[in-house]
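Spelled out from the first residue to the last, the chains are:
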Amino acid sequence: MIVRAALPTPLHRLFDYLLPLSEPEPQPGCRVRVPFGNRELVGLVIEVSETSDLPRNKLKPLLEILDRKPVLDPGMFKLGQWAARYYQHPVGDALSHLLPVLLRQGKAAEFAHAELWRATEGASVDRLSSSAHRQRELLELLLQHPTGISADALRAEGGQTQLLKTLAEKSLAESFEHRPTPLHADLTEDLLNEPALPVHGEQAAALDAIHAASGFTPFLLYGVTGSGKTEIYLQAIEKTLAAGKQALVLVPEIGLTPQTLGRFRARFRVPVHALHSNLSDRERLDTWLHARAGSARIIIGTRSAIFTPMKTPGLIIVDEEHDGSFKQQDGFRYHARDLALVRASRENVPVILGSATPALESLHNATLGRYQLLKLTRRAGNAQTPRFELLDIRQQPLDAGLSDELIRRIHQHLGCGTQVMLFLNRRGFSPSLICNNCGGVVDCTRCDAHMTLHRNPPHLHCHHCDRQTPIPRACSHCGSTELKPLGIGTERAEDALQKHFPDVPILRVDRDSTSRKSALEKMMRVVHSGEPCILVGTQMLAKGHHFPKVTLVAILDADAGLFSADFRGMEKTAQLILQVAGRAGRADHPGEVVLQTLHAEHPMLQTLIGSDYLHFARQEMGLRQAAALPPFAHHAIVRGEASRQGWAEQFLQALNESARAQVQLPEGVQVIGPFPSPMEKRGGLFRAQLLISARSRPALHAWLDALIRQAEADPQGRRVRWTLDVDPIDNY
Ligand code: ADP
Ligand code: ZN
Ligand code: ZN
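Residues numbered from 1 in each chain as written. Chains lettered and ligands numbered in written order. Predicted model: local features only at pLDDT ≥ 70, side-chain atom pairs only at ≥ 80, totals over all residues. Heavy atoms only, no water.

Enquirer: Describe in detail the overall build of the protein chain, supporting the description with residues and values.
Expert: Along its length, the protein chain carries 20 helices and 31 strands. Its C-alpha atoms give the protein chain a radius of gyration of 27 Å, within 12% of the compact-globule value 27 Å for 732 residues. A principal-axis box enclosing the C-alpha atoms of the protein chain has dimensions of 80 × 70 × 50 Å. Evaluated residue by residue, the protein chain yields a buried proportion of 55% over its 732 residues. (Helix = DSSP H or I, 4+ residues; strand = E, 2+ residues; numbered from the N terminus. Rg over C-alpha atoms; globule rule 2.2 N^0.38 Å. Buried < 20%, exposed > 50% of the residue type's maximum accessible area, 1.4 Å probe, protein only.)

Shown next as structure tokens:
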């Protein structure tokens, strides 16, 4: 017999092996260990067959069958294969994304007997002194995990694990050996730790619609920030749990904060399993096994969590569905939101896409009637919608990007005892260093980009390839020593704020200031203490966090995305502005949002401040339709990169021509390019791209099939690394 396996290789095909006579026939979805060149690989059995296209003497026997029963259930197995075809990605590599790392390495699909920690019976934070903050926090975390949690996972959630022993000495915490919990199919009573909030009006209508759904029903939950989307998720999950089923919640990379998790854990008595990047491989496997066995009832994770198997799937939620982090940007370029829909349809369960700023693709699907649109237009409880204002800064003197009027407003809000948040989507001190004498700018030698000046510590940094250099003393063009920073980054804004507000804590939140996890937590403690402070940061501030005491949000450079080369630029800018604005005044403090702009008449800004996101989206949709751009067309991009200029373009040109010689271009398919990428040189490589636009998906895929066949056969392909991106979310 021949075993046909999918192997984690870059090749778009399956591999045949002989099944030793002594071995039983493996089922599809079982793992096998096989020889591959001079290596061994772990792959998945796709099928067992009598015949092979290769002669017998060319076939090698497989080395080992690793599973008696399939590790992947048929549903997930098919979803993985479907996704590989859809994204035109090698099936073996695509399927490996469905397995936790330890299973990819060939380890047994069994639970570990790890040491876990839990709070002791009756333990309560009241027994700790009120000044023992860290012990109290640690104990609170333990109390959120009644079934136990490993020290690693505790640390990942911000717990100070060195204090576990202290808690144990006080008999507040204990460790125990963890054994897999049996499935509690009857765990339907006593689901809640705290009662659900009473809902009225729009929220009640949305919940009614969701509760009425049975089987595959896609919902687009459009709700302004603070309108109670999360409350809807919680109540929808409650019903799923009561039916004995599991819920999967996807959140953006940056959204999986202790705050978010805390809300889910506070509500439910069942364990909430979080799949975040700080888990160990062992913990990831355990969670995966719990989900597959049905004992993990709520699973929250980022993009890759879409591949978590569920024994009793009941509901899939994608929070902040517009977020770009749901799309994987290298290798297997899947979109977790789109796969969530495919998965929900195959598993016949409802799926909720939630956002204050839905992707135009999703709104389009709602317009076409494919998704049921649910709207929450007002903030929940007694919270008020923030007031928007454009601050025209033409001819205004700016100090590090701050206008006098803005500084006055900041004083005013701080004076009322509230907090202020400033948004600037550029980290570093300034985005470029320019010569005062000749105007030369310091560029990265490996990219078509300026080096960003950082002060803390002082160096130049390329944000595209990560190259770092010391700050030069003199201009490399003219030798002048008069180099000065041009433009404003968060470090510079922080400096200026420090000067204007010497007595107020200034908290800078960007990738540099938060590279150590504890740093962000420390800043969040200051914010949540409620004392006046100024937050200044990048889009890290736009997601996941709620800042109830912030009453003024200012966007220092609202124009930044208005003139982007990407046709999605306007959509992304509008989303970012509204997401940032949504942080303001969430509780009973009314908020104020100020947008500094040089283009106060810009129609997009006018629509955003005068109306709402849906209104903006309708306008933008009209433009897209007129230009036959997504969502009114389907795109794919073939990208190439090579060490010499021109190679990638030549390769793509040849590829396009040879594909056309083989297959007729299907009707409604347009090939645009090849042309150099918007940033042609990056990381020392020269890049080009070919854009394929099609009216229908089958036509698009027919053409992509032809292209891939040619690309794999093309010997030039060796000096050009090429990738294919189906449904790209940006054109870089
Ligand atoms: P979103 O997810 O849309 O940003 P949340 O669900 O976080 O909104 O709700 C915002 C705030 O309003 C939270 O503090 C939440 O507790 C509160 N809230 C939500 N729904 C209700 C409700 N029905 N009654 C009272 N408060 C509510
Ligand atoms: Zn110079
Ligand atoms: Zn660079």
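Enquirer: Can you break down the pattern of salt bridges residue by residue, with the values?
Expert: Side-chain pairs of opposite charge can arise whenever the charged atoms involved come near each other. According to the stated counting rule, one finds 34 salt bridges in the structure shown. A salt bridge links Glu347 to Arg343; the shortest N-O distance between them is 3.1 Å. Taken together, the residues span about one helical turn, with Glu347 and Arg343 both in helix H11 (residues 336-347) at a distance of four residues. Arg387 serves as the salt-bridge partner of Glu592, at 3.5 Å between the closest nitrogen and oxygen. Here Glu592, found in strand S27 (residues 592-597), pairs with Arg387, found in strand S15 (residues 387-392); they are 205 residues apart in sequence, far enough to count as distant. (Salt bridge = Lys/Arg side-chain N within 4 Å of Asp/Glu carboxyl O.)

Enquirer: Which residues make up the layout of surface pockets, and what values go with them?
Expert: A volume near 660 Å³ is recorded for the second largest pocket. Lining the second largest pocket are 36 residues, with Leu116, Gly148, Ile149, Ser150 and His273 positioned closest to its centre. Going through the elements one at a time, helix H4 (133-144), helix H5 (151-156), strand S7 (173-177), strand S10 (272-275) and helix H10 (281-293) are the ones with two or more residues in the lining of the second largest pocket. Top element by residues in the lining of the second largest pocket is H10. It accounts for five residues. The residue inventory of the lining of the second largest pocket, partitioned by class, reads 14 nonpolar, 13 polar and nine charged. (1 Å grid on protein atoms, 1.4 Å probe; cavity = no way out; pocket = protein on both sides within 12 Å on 5 of 7 lines; lining within 4 Å. Points joined across faces, edges and corners; volume = space filled by probe spheres on them. Nonpolar A, V, L, I, M, F, W, Y, C, P; charged D, E, K, R; others polar.)

Enquirer: Outline empty space enclosed by the protein, listing residues and values.
Expert: For the structure shown, the criterion picks out one cavity of 30 Å³ or more. Approximately 40 Å³ is the volume attributed to the largest cavity. Contributing to the lining of the largest cavity are Val638, Leu655, Leu707, Ile708, Ala711, Trp722 and Leu724. Here the lining of the largest cavity is built from residues that sort into seven nonpolar, no polar and no charged.

Enquirer: I'd like a description of the packing of aromatic side chains, backed by residues and values.
Expert: Considering all chains together, one arrives at eight aromatic pairs under this definition. Pairing Trp82 with Tyr86 gives two aromatic rings, centres 5.0 Å apart and planes at 10°, and the pair type is stacked. Here Trp82 pairs with Tyr86, and both are found in helix H1 (residues 74-86), just four residues apart, close to one helical turn. Consider the rings of Phe307 and Phe332, whose centres lie 6.3 Å apart with planes at 15°: the pair is stacked. (Phe/Tyr/Trp six-rings, centres within 6.5 Å; stacked < 30°, edge-to-face > 60°.)

Enquirer: Can you tell me about the sheet that holds strand S29 (residues 669-682), naming the residues and giving the values?
Expert: One open sheet accounts for four strands, arranged S29-S30-S28-S31; its pairing is antiparallel. Looking along the sheet, the strands with just one partner apiece sit at the ends: S29 and strand S31 (721-726). Each strand axis lies, on average, 20° off the axis of its neighbour in the sheet, ignoring direction. Sheet topology note: the strand S28 (residues 634-642)/strand S30 (residues 685-694) ladder contains nine bridges and is antiparallel. Residue pairing in the sheet places Glu641 in a bridge with Arg687 of S30. (Pairing = 2+ DSSP bridges. Axes fitted to C-alpha atoms, helices over the stretch in contact; angles between N-to-C directions.)

Enquirer: Describe the coordination of the zinc ion (ligand 3), listing the residues and the values that go with them.
Expert: Ideal donor angles around a metal are set by the shape: a four-donor tetrahedron calls for 109.5 degrees, a six-donor octahedron for 90 or 180 degrees. Taken together, Cys444 (SG), Cys447 (SG), Cys462 (SG) and Cys465 (SG) make up the protein donors of the zinc ion (ligand 3), found 2.2 to 2.4 Å from the metal. Given four donor atoms and angles of 105 to 113° at the metal, the environment of the zinc ion (ligand 3) is assigned as tetrahedral. Among the residues examined, Cys447 registers a relative accessible area of 3% and is labelled buried. (Donors = N, O, S within 2.8 Å, 3.2 Å for Na, K, Ca; no water. Tetrahedral: all angles 85-135°; square planar, octahedral: opposite > 155°, others 65-115°.)

Enquirer: Any chance you could break down the coordination of the zinc ion (ligand 2) for me, citing the residues and the numbers?
Expert: Bound to the zinc ion (ligand 2) on the protein side are Cys435 (SG), Cys438 (SG), Cys475 (SG) and Cys478 (SG), at distances that span 2.3 to 2.4 Å. Between the four donor atoms coordinating the zinc ion (ligand 2), the angles at the centre fall across 102 to 115°, so the site counts as tetrahedral. Taken in sequence order, the residues that donate to the zinc ion (ligand 2) follow the motif C-x2-C-x36-C-x2-C. Within this pair, whereas Cys438 is found in the loop between strand S19 (432-435) and strand S20 (452-455), its partner Cys478 is found in the loop between strand S22 (468-469) and strand S23 (483-486), the two being separated by 40 residues in sequence. Owing to a relative accessible area of 39%, Cys438 belongs among the partly exposed residues under this scheme. Here Cys478 falls in the partly exposed class, since its relative accessible area comes to 35%.

Enquirer: If you had to explain the pairing of strand S26 (residues 550-555) to someone new, which residues and values would you point to?
Expert: Summarising burial for S26: six of the six residues are buried, a large majority. Examined bridge by bridge, strand S18 (residues 419-423) and S26 share five bridges and lie parallel to one another. Looking at S26, one finds that Leu422 is bridged to Ala554. Note that S26 and S27 share four bridges and pair parallel. Across the sheet, Ile555 pairs through a bridge with Leu595, a residue of S27.

Enquirer: Any details on helix H13 (residues 404-415)? Residues and values, ideally.
Expert: Helix length check: H13, at twelve residues, gives a terminal C-alpha distance of 16 Å against a target of 16 Å (1.5 Å per residue), a fit within 8%. Turning to H13, its buried residues are Leu406, Ile407, Arg409, Ile410, His413 and Leu414. Buried residues of H13 fall within an arc of 160° about the axis and therefore sit on the same side. Away from the buried face of H13 by more than 90 degrees, exposed residues Asp404 and Gly415 are located. One or two residues past the end of H13 sits Gly417, with phi positive at roughly 85°. (Expected span 1.5 Å × (residues − 1). Arc of directions from axis to C-beta.)

Enquirer: Give a description of the sheet that holds strand S25 (residues 534-537) that names residues and reports values.
Expert: Within a sheet, adjacent strands bond to each other through the backbone by hydrogen bonds, running parallel or antiparallel. Taken in spatial order, the six strands make up an open sheet running S15-S27-S26-S18-S25-S24, and their pairing is parallel. Of all strands in the sheet, those bounded by a partner on one side alone are S15 and strand S24 (506-509). The sheet shows a mean angle of 20° between the axes of neighbouring strands, taken without regard to direction. Pairing analysis gives four bridges linking S24 to S25, with the strands arranged parallel. Within S25, the position partnered with Val509 by the bridge is Gly537.

Enquirer: I'd like to hear about the packing of helix H19 (residues 647-662) against helix H20 (residues 697-713), residue by residue, with values.
Expert: Each pair of packed helices can be described by the angle between their axes along with the distance between the axes. Interaxial distance between H19 and H20 falls to 9 Å at its minimum, and their mutual angle equals 115°. Here H19 runs over H20; the crossing is right-handed. On H20, the residues that touch Phe651, Leu655, Asn656, Ser658, Ala659, Arg660 and Gln662 of H19 are Trp703, Ala706, Leu707, Gln710 and Ala711. Looking at the contact of H19 with H20 residue by residue, the class counts come to seven nonpolar, four polar and one charged. (Left-handed = near helix turned anticlockwise from the far one by under 90°. Contact = heavy atoms within 4.5 Å.)

Enquirer: Any chance you could break down the pairing of strand S12 (residues 313-319) for me, citing the residues and the numbers?
Expert: Of all seven residues in S12, seven are buried; the element is thus mostly enclosed. Direction of pairing for strand S9 (residues 246-250) relative to S12: parallel, over a ladder of five bridges. Paired with Leu250 across the strands is Val318, a residue of S12. Strand direction decides the pairing type here: S12 and strand S13 (residues 351-355), joined by four bridges, are parallel. For Asp319, the partnering residue across the bridge sits in S13 and is Gly354.

Enquirer: Pulling in residues and values, what's your account of the side chain of Thr538?
Expert: Position of Thr538 among the secondary structure elements: in the loop between S25 and S26. Owing to a relative accessible area of 8%, Thr538 belongs among the buried residues under this scheme. In this structure, Thr538 is in contact with Phe423, Leu424, Asn425, Arg426, Arg427, Thr490, Val509 and Asp510, ignoring residues within four places of it in sequence.

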